[in-house]
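Single-letter residue listing:
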Amino acid sequence: MAHPQATATATDPDSAPAPAPPALRAAARRKKLVPYWLLLPGILWLLVFFAAPLVYQASTSVQTGSLEEGFEVTWHFATYWDAATEYYPQFLRSVGYAATATVGCLALGYPLAYLIAFKAGRWRNVLMILVIAPFFTSFLIRTLAWKTILSDGGPVVSALNSLHVLGLTDALGITEGHRVLATPLAVVCGLTYNFLPFMILPLYTSLERIDPRLHEAAGDLYAKPLTTFRKVTFPLSMPGVVAGTLLTFIPATGDYINAELLGSTDQKMIGNVIQSQFLRVLDYPTAAALSFILMAAILAMVTLYIRKSGTEDLV
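Residues numbered from 1 in each chain as written. Predicted model: local features only at pLDDT ≥ 70, side-chain atom pairs only at ≥ 80, totals over all residues. Heavy atoms only, no water.

**Side note on the overall build of the chain**
Okay, so step 1: Across its full length, the chain carries 14 helices and two strands.
Okay, so step 2: For 315 residues, the compact-globule estimate of 2.2 N^0.38 gives 20 Å, and the chain exceeds it by more than 25% at 29 Å.
Okay, so step 3: Across its three principal directions, the C-alpha atoms of the chain cover 105 × 75 × 35 Å.
Okay, so step 4: Burial statistics for the chain: of 315 residues in total, 33% are counted as buried.
Okay, so step 5: At a minimum sequence separation of 6, the contacts of the chain that also span at least 24 residues come to 67%.
Okay, so step 6: Accessible area of the chain: about 19,500 Å², with a carbon and sulfur share of 68%. (Helix = DSSP H or I, 4+ residues; strand = E, 2+ residues; numbered from the N terminus. Rg over C-alpha atoms; globule rule 2.2 N^0.38 Å. Buried < 20%, exposed > 50% of the residue type's maximum accessible area, 1.4 Å probe, protein only. Contact = heavy atoms within 4.5 Å. Areas by Shrake-Rupley, 256 points an atom, 1.4 Å probe, with all protein chains shown as cover.)

**Concerning the pattern of salt bridges**
Okay, so step 1: Applying the stated criterion to the full structure yields four salt bridges.
Okay, so step 2: Of the charged contacts in the structure, one is a salt bridge between aspartate 211 and arginine 213, with a shortest N-O distance of 2.7 Å.
Okay, so step 3: Judged by its relative accessible area of 29%, aspartate 211 falls in the partly exposed class. (Salt bridge = Lys/Arg side-chain N within 4 Å of Asp/Glu carboxyl O.)

**Notes on helix 11 (residues 238-254)**
Okay, so step 1: Counted at 1.5 Å a residue, the expected span for helix 11 with its 17 residues is 24 Å, and the 25 Å between its end C-alpha atoms agrees.
Okay, so step 2: Residues Met238, Gly240, Val241, Val242, Gly244, Thr245, Leu246, Thr248, Phe249, Ala252 and Thr253 constitute the buried set of helix 11.
Okay, so step 3: Check the buried side of helix 11 and you find it contacts helix 3 (78-119), helix 8 (184-208), helix 10 (225-236), helix 13 (270-281) and helix 14 (284-309). (Expected span 1.5 Å × (residues − 1).)

**Some remarks on the nonpolar core**
Okay, so step 1: Judged by nonpolar contacts, the single largest core of 30 residues is most densely connected at Ile270 and Leu290.
Okay, so step 2: For this core, the elements supplying multiple residues, two or more each, are helix 3, helix 4 (124-132), helix 8, helix 11, helix 13 and helix 14.
Okay, so step 3: Ignoring anything within four residues of it in the chain, the contact list for leucine 290 reads Ala83, Tyr87, Phe91, Ile270, Val273, Ile274 and Gln277.
Okay, so step 4: The next biggest cluster of nonpolar side chains, apart from the first, holds 11 residues, and it includes Ala98, Ala252, Ala259 and Met269. (Core = buried A, V, L, I, M, F, W, Y, C linked by side-chain atoms within 4.5 Å.)

**Some points on the pairing of strand 2 (residues 70-73)**
Okay, so step 1: Across four bridges, the pairing between strand 1 (residues 63-66) and strand 2 is antiparallel. Bridged to glutamine 63 within strand 2 is valine 73.
Okay, so step 2: Taking the residues that link successive antiparallel strands as the turn, the strand 1-strand 2 hairpin has three residues. (Pairing = 2+ DSSP bridges.)

**Description of unusual backbone geometry**
Okay, so step 1: The phi dihedral of histidine 164 falls on the positive side, at around 60°, and the residue is not glycine.
Okay, so step 2: Residue position: histidine 164 is located in the loop between helix 6 (155-163) and helix 7 (166-172).
Okay, so step 3: For histidine 164, a relative accessible area of 70% translates into the label exposed.
Okay, so step 4: With phi around 65°, tyrosine 222 is a residue other than glycine that occupies positive phi space.

**Re the side chain of threonine 248**
Okay, so step 1: In this structure, threonine 248 sits in helix 11.
Okay, so step 2: The buried category is assigned to threonine 248, whose relative accessible area is 0%.
Okay, so step 3: Among the polar contacts listed, one links the side chain of threonine 248 to the backbone oxygen of glycine 244, at a separation of 2.8 Å.
Okay, so step 4: Not counting residues within four places of it along the chain, the set of residues in contact with threonine 248 comprises Thr102, Cys105, Phe195, Phe198 and Met199. (Polar contact = N/O pair within 3.5 Å; in protein donor to acceptor, adjacent residues only side chain to side chain.)

**Details of the environment of arginine 209**
Okay, so step 1: Its place among the elements puts arginine 209 in the loop between helix 8 and helix 9 (212-220).
Okay, so step 2: On the basis of relative accessibility, which here comes to 68%, the residue arginine 209 falls in the exposed class.

**Here we look at the environment of alanine 78**
Okay, so step 1: Looking at the secondary structure, you find alanine 78 in helix 3.
Okay, so step 2: Looking at alanine 78, the relative accessible area reads 35%, which means it is partly exposed.

**Here's the deal with the packing of aromatic side chains**
Okay, so step 1: Applying the stated criterion across every chain, the model contains 12 aromatic pairs.
Okay, so step 2: Arranged with centres 5.6 Å apart and planes meeting at 50°, the rings of phenylalanine 71 and tyrosine 284 form a pair that is tilted. Here tyrosine 284 lies in helix 14 and phenylalanine 71 lies in strand 2, a separation of 213 residues in the sequence.
Okay, so step 3: On the basis of relative accessible area, phenylalanine 71 is assigned to the partly exposed category, the value being 25%.
Okay, so step 4: With a centroid separation of 6.3 Å and an interplanar angle of 25°, the aromatic rings of tryptophan 75 and phenylalanine 77 are classed as stacked. Summarising the burial analysis for this pair, tryptophan 75 and phenylalanine 77 share the class exposed.
Okay, so step 5: Joined through ring pairs, the aromatic side chains of Phe135, Phe139, Phe195 and Phe198 make up one cluster. (Phe/Tyr/Trp six-rings, centres within 6.5 Å; stacked < 30°, edge-to-face > 60°.)

**A closer look at the packing of helix 11 against helix 14**
Okay, so step 1: Remark: helix 11 packs on helix 14, axes separated minimally by 11 Å, with the N-to-C direction vectors making an angle of 165°. Compared by their axis directions, helix 11 and helix 14 come out roughly antiparallel. The crossing of helix 11 and helix 14 is right-handed. Of the residues in helix 14, those touching helix 11 at Met238, Val241, Val242, Thr245, Leu246, Phe249, Ile250, Thr253 and Gly254 are Leu294, Ile298, Met301, Val302, Tyr305, Ile306 and Ser309.
Okay, so step 2: For the contact of helix 11 with helix 14, a count of residues per class yields 12 nonpolar, four polar and no charged. (Axes fitted to C-alpha atoms, helices over the stretch in contact; angles between N-to-C directions. Parallel < 35°, antiparallel > 145°, perpendicular 65-115°, else oblique. Left-handed = near helix turned anticlockwise from the far one by under 90°. Nonpolar A, V, L, I, M, F, W, Y, C, P; charged D, E, K, R; others polar.)

The structure is reproduced here in structure tokens:
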């Protein structure tokens, strides 16, 4: 038989539950703090190696002075206008080269990613290793190798001379004097080669998620292969297209190695200007201002691109 007091407590609607012991409350609080403790190393890393340098560069961009006399924060915002008006050709050239290389990477990378995702079969892992293999070689060495490939006596120039197309490329302004090295074509080729894996990997990841039964369903509905690609495959792979183009365009815009090794003074990009201002001219305010202008321009273009692309996965 139940004790009367226990029965009254159990049936009393106004009775409150007994408070949890202090030890249990402390354990619950610690459990809630675990995710924040896990985030702490990453937050500290960003503060030390991203936020702090960003603040320092922001203060540097509004300084005046010289290396001999020292620099002082004078809030000289005119440095931004002077840098933008003086070096806008390099800005436009960088965007143009990067955009061309991104389109080239997409044109080359999409068919390869499609092949690996749907047609490679047991060779899929081998092809993926071949895509990643260039990362095991230094970026600088890979670019120097292209300097040899595109040299005047190299195989590329010989093949183009045999096809008699260098005259046309000279007329278009992408080569000069029947040579490829030290021309816009050489810089774009270097950018395309070096950043091609950054395009292929996101594309493959996106294509690999597509259910092959969707292609079969499109065929059952009498869709031609081109229609299936246009209506099914490509729209479903848009997150990979957007991710790949961003991973290619952003670093390509700020690159200076390819223009330095494969181009001439007429092909200098904004990365070359920033590097020269920091390490040779020693004009730190101008270099910092150019860095912030480049970062702001890229952020604006990327934001507009993501919104226009309509890929909700990346917004």
